[in-house]
Structure formats: structure tokens, C-alpha cells
Amino acid sequence: MCSSDLFNGKLFGLAVRGQHMLNLDLPPIVWRLLVGERPTLADLRGVDVHGAALLSAVEQASDDTSLNAAAPDARWCVRACDGSLIELRENGAKELLKFEDRDEWLVLAKQARLVDEWAESTTAIRQGLAAVLPLSLLSFLSGVELERQVCGARELDIALLKRSEERRVGKECRSRW
């Protein structure tokens, strides 16, 4: 377990508790996993376009020919975001994927890419959060809501900015707008 992830989890908890926003840009897949939501292929696409495309291609194949055309040389392994090889079965890097096995491959590949690959970091972050906040709180939040609690809103409210922004000219305050 990475101590920096544990520390980051504590920072996230302090940000929520103290209403201090952190300037972070983590992918949605992380926020979803932190609150216990199941990530989607779209979440994976946000961090690994090619990996998500491979999963989609295998999922959409209708026979051996279309599988070989969409994913030639597909094997019982996938690449993680860091480039490391994740074998889905023993010696999977040496075994070609056959169409009749694609359903099993998809289950294992999605589990590896959408959950297992992130498990160590998200577990440590959750432990850090638990040091500051009750983890039961996370069950009431979506990934988007947790991100907003930790980082604030991503959108800038121009109307609010215009109403609150003033400039000083001599002894007077004037709005720029």
C-alpha cells in the first residue's frame, strides 16, 4: 500500500470536513471507485483510449473473422495504464484469444482494467479518508459528488464573478462590468 495514497486520502477527508478545495484533476474512474460505484468503459476511455477500444472491439465481434479483424493477435492479457502486462490466466501472454472464449475474456479483462488495476491506490485513499470521515458518508455520494466535495465545482459561474468583482479607482470601488 502506498503511503502517499493514504496521505492523499487524509487530505481529501480534510478538504471535505473543512470545506477547503483541492486543485486536483483525477479521472472519474478514481472517484467512482472511492464511493463504491462500478466504473464503465467510458471511464476507462478517459484514461486509456486504446485499452477501451480493444475491450469494445472484442465485445462487438460476432465471429472469429470479425474478432481477428478487430483485435488481431489478441491474447489472454491486457496492458495496464502504466504499460505493465496483466495476464488474465496463467501464461495468458502466450495464448491467443478465440471467439468462443471472448465472454470469459471480457469479464476478466473488465475486472482487471476497471477494478483490480486501481484497487491498491483506491483502497489506500479510502483508508486515509476513513481516518478523517466516516466511510458510511461515501455511500450517500456519487463519484461526481465526492469530487465536488473535495475539489469544488469545475464550472466557473461568470454571472457570480461579475457580481462580486470590483476594482478600486482612487477612494471608490467600481465594478468592471
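In this text, all values refer to a predicted model and were calculated from it rather than measured experimentally.

### Observations concerning the side chain of Glu 147
Locating Glu 147 in the fold gives a position in helix α7 (residues 143–151). By relative accessible area, Glu 147 is classed as buried at 12%. Aside from chain neighbours lying at most four places away, what touches Glu 147 is Leu 26, Trp 31, Gly 152 and Arg 154.

### Notes on the nonpolar core
Note on soluble globular proteins: their nonpolar side chains tend to be buried together. Grouped together as the largest cluster of nonpolar side chains are 38 residues, with contacts concentrated most on Trp 105, Leu 146 and Val 150. Of all the secondary-structure elements, those providing two or more residues to this core are α1 (3–18), α2 (28–35), α3 (41–45), α4 (49–60), α6 (102–130) and α7. Among the elements that take part in this core, α6 stands out by supplying 9 residues, more than any other. For Trp 105, the residues in contact, after removing those within four places along its chain, are Leu 54, Leu 55, Val 58, Arg 75, Trp 76, Cys 77, Val 78, Leu 88 and Leu 97.

### As for the side chain of Thr 122
Within the fold, Thr 122 resides in helix α6. For Thr 122, a relative accessible area of 7% corresponds to the buried category. Discounting chain neighbours no more than four positions away, the residues touching Thr 122 are Val 30, Leu 33 and Leu 34.

### Some points on a nonpolar patch on the surface
Side chains of Phe 7, Leu 11 and Leu 14 sit close together on the surface and give an oily, nonpolar patch of about 280 Å² of accessible area. Mapping Phe 7 onto the fold places it in helix α1.

### A closer look at the packing of α4 against α6
Between α4 and α6, the shortest axis-to-axis distance is 10 Å and the interhelical angle comes to 160 degrees. In terms of axis orientation, α4 runs roughly antiparallel to α6. Like other packed secondary-structure pairs, α4 and α6 cross with a definite hand, here left-handed. Facing α4, whose interface residues are Gly 51, Leu 54, Leu 55, Val 58, Glu 59 and Gln 60, α6 presents Arg 102, Trp 105, Leu 106, Ala 109, Lys 110 and Arg 113.

### Things to note about the pattern of salt bridges
All chains considered together, the criterion is met by 8 salt bridges. A salt bridge links Arg 89 to Glu 95, with the nearest nitrogen and oxygen atoms 2.6 Å apart. Its relative accessible area of 27% is what places Arg 89 among the partly exposed residues. The shortest N-O distance in the salt bridge between Arg 113 and Glu 117 comes to 2.6 Å. Taken together, the residues Arg 113 and Glu 117, both in helix α6 and 4 residues apart, mark about one turn of the helix. Overall, the relative accessible area of 2% leaves Arg 113 in the buried class. Through salt bridges with shared partners, one network takes in Arg 32, Glu 37 and Asp 43.

### Details of the environment of Arg 89
Within the secondary structure, Arg 89 sits in the loop between β2 (85–87) and α6. In the structure, Arg 89 is positioned 12 residues away from Cys 77 in sequence and 7.5 Å away in space, judged by C-alpha atoms. Apart from the residues lying within four places of it in its own chain, the contact partners of Arg 89 are Trp 76, Glu 95 and Glu 104.

### Digging into the packing of α1 against α6
Orientation of α1 relative to α6, taken along the N-to-C sense of each, is 45 degrees, at an axis distance of 6 Å. In terms of orientation, α1 lies oblique with respect to α6. Every pair of crossing elements has a handedness; the one defined by α1 and α6 is right-handed. Residues Asp 5, Leu 6, Gly 9, Lys 10, Phe 12 and Gly 13 of α1 form the contact with α6, whose participating residues are Ser 121, Ala 124, Ile 125, Gln 127, Gly 128 and Leu 129. Looking at side-chain class alone, the contact of α1 with α6 contains 5 nonpolar, 5 polar and 2 charged residues.

What counts and how
Residues numbered from 1 in each chain as written. Predicted model: local features only at pLDDT ≥ 70, side-chain atom pairs only at ≥ 80, totals over all residues. Heavy atoms only, no water. Helix = DSSP H or I, 4+ residues; strand = E, 2+ residues; numbered from the N terminus. Buried < 20%, exposed > 50% of the residue type's maximum accessible area, 1.4 Å probe, protein only. Contact = heavy atoms within 4.5 Å. Core = buried A, V, L, I, M, F, W, Y, C linked by side-chain atoms within 4.5 Å. Patch = residues over 30% accessible without salt bridge, like charges linked within 9 Å, V, L, I, M, F, W, Y side chains within 5 Å. Areas by Shrake-Rupley, 256 points an atom, 1.4 Å probe, with all protein chains shown as cover. Salt bridge = Lys/Arg side-chain N within 4 Å of Asp/Glu carboxyl O. Axes fitted to C-alpha atoms, helices over the stretch in contact; angles between N-to-C directions. Parallel < 35°, antiparallel > 145°, perpendicular 65-115°, else oblique. Left-handed = near helix turned anticlockwise from the far one by under 90°. Nonpolar A, V, L, I, M, F, W, Y, C, P; charged D, E, K, R; others polar.

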